[in-house]
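The primary structure of each chain is shown beneath.
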Amino acid sequence: MEQREVSQDAVLTRIGQAVMLLHGGDREEARNRFGELWAEIGESGDPLHRCTLAHYMADTQDDPGDELAWDLRALTAAEGPATACAAPAAVRAFYPSLHLNLAADYVKLQRPDAARLHLSRARAAVNALGDDGYGNDGVRTAIGRLERELLDE
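Residues numbered from 1 in each chain as written. Predicted model: local features only at pLDDT ≥ 70, side-chain atom pairs only at ≥ 80, totals over all residues. Heavy atoms only, no water.

Undergrad: A description of unusual backbone geometry should follow, citing residues and the corresponding values.
TA: Notably, Q110 is not glycine yet its phi reads approximately 55°, a positive angle. Of note, Q110 is situated in the loop between α6 (95–108) and α7 (112–124). (Helix = DSSP H or I, 4+ residues; strand = E, 2+ residues; numbered from the N terminus.)

So, in structure tokens, the structure goes:
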């Protein structure tokens, strides 16, 4: 499939539109739009766009193995070389959530050792989060909840 040039702002806008569909409950349409965008930006697209897109695409998957594959793509994009759009600090702020999602994926796949590894990495990266609702009530709380869940196993 031929890739076409997509402006940076258009990519972020389209990702945001698909995220709204996802949060509104239309997973299938969100998945379709994310898939179209992924085909357009490709593996060599901006790392921040690839990371964000793969991160949300994972949430649209029905199969835990597919969800893991997309979360791994998101982490790979975050670990790739930074561009002007994807400043290292901006990408670092994704690491707690990326590793938390991977830990949750591995729990679903009944792989507790891999889950603990990524949960540990999520915990180690929380300093990149802000002291706000997303950081405190969102990611940090979810890390603690998953840590307790794994202790009960």
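Undergrad: Explain the packing of helix α4 (residues 64–79) against α6 to me, and be specific about the residues and the numbers.
TA: Two numbers describe how α4 lies on α6: the axes approach to 9 Å, and their chain directions differ by 155°. One finds that α4 runs roughly antiparallel with respect to α6. Pair α4 / α6 crosses with left-handed handedness. Contact residues: P64, E67, L68, D71, L72, A74, L75, A78 and E79 in α4; Y95, L98, H99, N101, L102, D105, Y106 and K108 in α6. (Axes fitted to C-alpha atoms, helices over the stretch in contact; angles between N-to-C directions. Parallel < 35°, antiparallel > 145°, perpendicular 65-115°, else oblique. Left-handed = near helix turned anticlockwise from the far one by under 90°. Contact = heavy atoms within 4.5 Å.)

Undergrad: I'd like a description of α6, backed by residues and values.
TA: With 14 residues, α6 ought to run about 20 Å at 1.5 Å a step, and its terminal C-alpha atoms sit 20 Å apart, in line with that. Most of α6 sits inside the fold, with 12 of its 14 residues counted as buried. Burial in α6 covers these residues: Y95, P96, S97, L98, H99, L100, N101, L102, A103, D105, Y106 and V107. The first or second residue beyond α6 is Q110, which carries a positive phi of 55°. (Expected span 1.5 Å × (residues − 1). Buried < 20%, exposed > 50% of the residue type's maximum accessible area, 1.4 Å probe, protein only.)

Undergrad: Describe in detail α7, supporting the description with residues and values.
TA: In an α-helix, one turn spans 3.6 residues, which is why side chains three or four residues apart end up on the same side. Between the first and last C-alpha of α7 there are 18 Å, a value that for 13 residues agrees with the 18 Å anticipated at 1.5 Å per step. If you check which residues of α7 are buried, you get A114, A115, H118, L119 and A122. Down the axis of α7, the buried set is contained in an arc of 135°. They therefore lie on one face. Facing away from the buried side of α7 by more than 90 degrees, the exposed set consists of D113 and A124. (Arc of directions from axis to C-beta.)

Undergrad: Summarise the nonpolar core; cite the residues concerned and give the values.
TA: Within the largest apolar cluster, 42 residues are counted, with the highest numbers of intra-cluster contacts made by I15, F34, L53, L98, L100, L119 and I143. Elements represented by at least two residues in this core include exactly α1 (8–23), α2 (27–41), α3 (47–58), α4, α6, α7 and α8 (133–151). Ranked by the residues each element gives to this core, the list is headed by α6, at seven residues. Residues in contact with L53, not counting those within four places in the same chain, are I15, F34, L37, W38 and I41. (Core = buried A, V, L, I, M, F, W, Y, C linked by side-chain atoms within 4.5 Å.)

Undergrad: Go over the pattern of salt bridges, please, and point to the residues and values.
TA: It is possible for side chains of opposite charge to pair when their charged atoms get near one another. Overall, the coordinates contain seven salt bridges when judged by the stated rule. With its nearest N and O atoms 3.9 Å apart, the salt bridge here joins D62 to R31. A residue pair is termed long-range when its members are at least 10 positions apart, and D62 in the loop between α3 and α4 and R31 in helix α2 qualify at 31 residues. For D62, a relative accessible area of 59% puts it in the exposed group. (Salt bridge = Lys/Arg side-chain N within 4 Å of Asp/Glu carboxyl O.)

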